[in-house]
Amino acid sequence: MFIGDLHVHSNFSDGKLTIPEVVDLYGSRGFGVIAITDHICENLSVIGKAARYLECTLTEATFPLYREILKSEAERAWDQYKMVVIPGFELTKNSMSNHRSAHILGLGVDQWVSANGDALDLAAAIRATGGLAVAAHPVSTRKVEKQTFHLWDRRRELANSFDAWEVASGPYIFDEVKESGLPMIASSDLHRPEQITSWKTIFECERSAPAVLDAIKKQQISFKFYNAGDTDGIWDSTHANALGFSA
């Protein structure tokens, strides 16, 4: 059994840590798998263009270096911590309207995929590479921030196009997702080290990227709350029991 966090940002987009610092943050705490998922913002909207100007997004120019560092750090993470690092990104479509905004994780993908286009096509593009398409924080995050409701508004239409929907992307469980019957995953959406305190996904499969992705697709996973203030490797199961999640 090992713990994973499959929604993590570095300073290649809007995270505070470098990729090596992210690896050490999780590896030193005994995590078995992480996915680094920096933003790829669409470049047609005003908000997307602003993200490029502020260097808060991957671009076609920076993606090769991102991919190279992910590969080298994945090797170091395994050698040093026996931790799997899965390549990925977060296709980011931001709008002034919460109901037009959508974020889509691509897990297990080391190829450039543009964020321009409809959500249905973006999920298909991720899957065409052999990766998993995950609906990121599709309902209210319970925090004061811009929300991304577009995928949830279309959940019936998109249900078969996504491999999982985030039931948590931080410290709060999304009850709507939990009760929906859709496949789920829980991660931190980490941008700063303190955000490691959050719901996480637990795996009981082989410690490898293909096995982890297959476990998500088959929903052979469970969820627990990880508190960075606890002793390393100890997970708070009180919340899990209260919500009917495995302890």
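My aim in this report is to walk through the structure given alongside it, one point at a time. (Residues numbered from 1 in each chain as written. Predicted model: local features only at pLDDT ≥ 70, side-chain atom pairs only at ≥ 80, totals over all residues. Heavy atoms only, no water.)

Along its length, the chain carries nine helices and 10 strands. At 17 Å, the chain has a C-alpha radius of gyration in line with the 18 Å of a compact globule built from 247 residues. In terms of overall dimensions, the chain has a C-alpha envelope of 45 × 40 × 35 Å along the principal axes. The 247 residues of the chain split such that 52% are buried. Taking the contacts inside the chain whose residues are at least 6 apart along the sequence as the reference set, 64% of them involve residues at least 24 apart. Of the roughly 10700 Å² of accessible surface on the chain, a fraction of 51% belongs to carbon and sulfur atoms. Distance between charge centres in the chain, computed from 24 positive and 32 negative side chains, equals 3 Å. (Helix = DSSP H or I, 4+ residues; strand = E, 2+ residues; numbered from the N terminus. Rg over C-alpha atoms; globule rule 2.2 N^0.38 Å. Buried < 20%, exposed > 50% of the residue type's maximum accessible area, 1.4 Å probe, protein only. Contact = heavy atoms within 4.5 Å. Areas by Shrake-Rupley, 256 points an atom, 1.4 Å probe, with all protein chains shown as cover. Lys, Arg positive; Asp, Glu negative; His and termini not counted. Charge placed at Lys NZ, Arg CZ, Asp CG, Glu CD.)

Structurally, I3 can be placed in strand β1 (residues 2-8). The exposure class of I3 is buried, given its relative accessible area of 3%. Taking the C-alpha atoms as reference points, I3 and Y172, separated by 169 residues in sequence, lie 18 Å from one another.

So, on to the pattern of salt bridges. Opposite charge on two side chains makes pairing possible when the charged atoms of those side chains draw close. Counting across every chain of the model gives 10 salt bridges. E176 is the partner of R142 in a salt bridge, and the nearest nitrogen-oxygen pair spans 2.9 Å. Highlighted residues: R142 in the loop between β5 (132-135) and α5 (150-153) and E176 in helix α7 (residues 175-178), separated in sequence by 34 residues. The exposure class of R142 is partly exposed, given its relative accessible area of 35%. The class for E176 is partly exposed, based on a relative accessible area of 33%. (Salt bridge = Lys/Arg side-chain N within 4 Å of Asp/Glu carboxyl O.)

Moving on, we come to the packing of aromatic side chains. As enumerated under the stated definition, the model contains nine aromatic pairs in all. Pairing F31 with Y226 gives two aromatic rings, centres 5.1 Å apart and planes at 70°, and the pair type is edge-to-face. With F31 in the loop between α1 (19-27) and β2 (33-41) and Y226 in strand β9 (residues 221-226), this pair connects stretches of sequence that are 195 residues apart. For Y226, a relative accessible area of 1% translates into the label buried. Ring plane angle 50° and centroid distance 5.4 Å describe the contact between F162 and W165, whose orientation is recorded as tilted. Taking the relative accessible area as the measure of exposure, F162 reaches 3% and is therefore buried. You can call W165 buried: its relative accessible area is 0%. (Phe/Tyr/Trp six-rings, centres within 6.5 Å; stacked < 30°, edge-to-face > 60°.)

As a further point, take the environment of Q111. With respect to the helices, strands and loops of the structure, Q111 is situated in the loop between β4 (102-107) and α4 (119-128). Exposure remark for Q111: the relative accessible area of 40% places this residue in the partly exposed category. A sequence separation of 34 residues divides Q111 from E145, and the C-alpha atoms of the two residues are 30 Å apart.

What follows covers unusual backbone geometry. A positive phi angle, near 60°, is found at E55, a position not held by glycine. You can see E55 is positioned in the loop between α2 (46-53) and α3 (63-81). The exposure class of E55 is exposed, given its relative accessible area of 63%. At H137, a position not held by glycine, the phi torsion is positive, near 25°. For H137, the location among the structural elements is in the loop between β5 and α5. Judged by its relative accessible area of 8%, H137 falls in the buried class.

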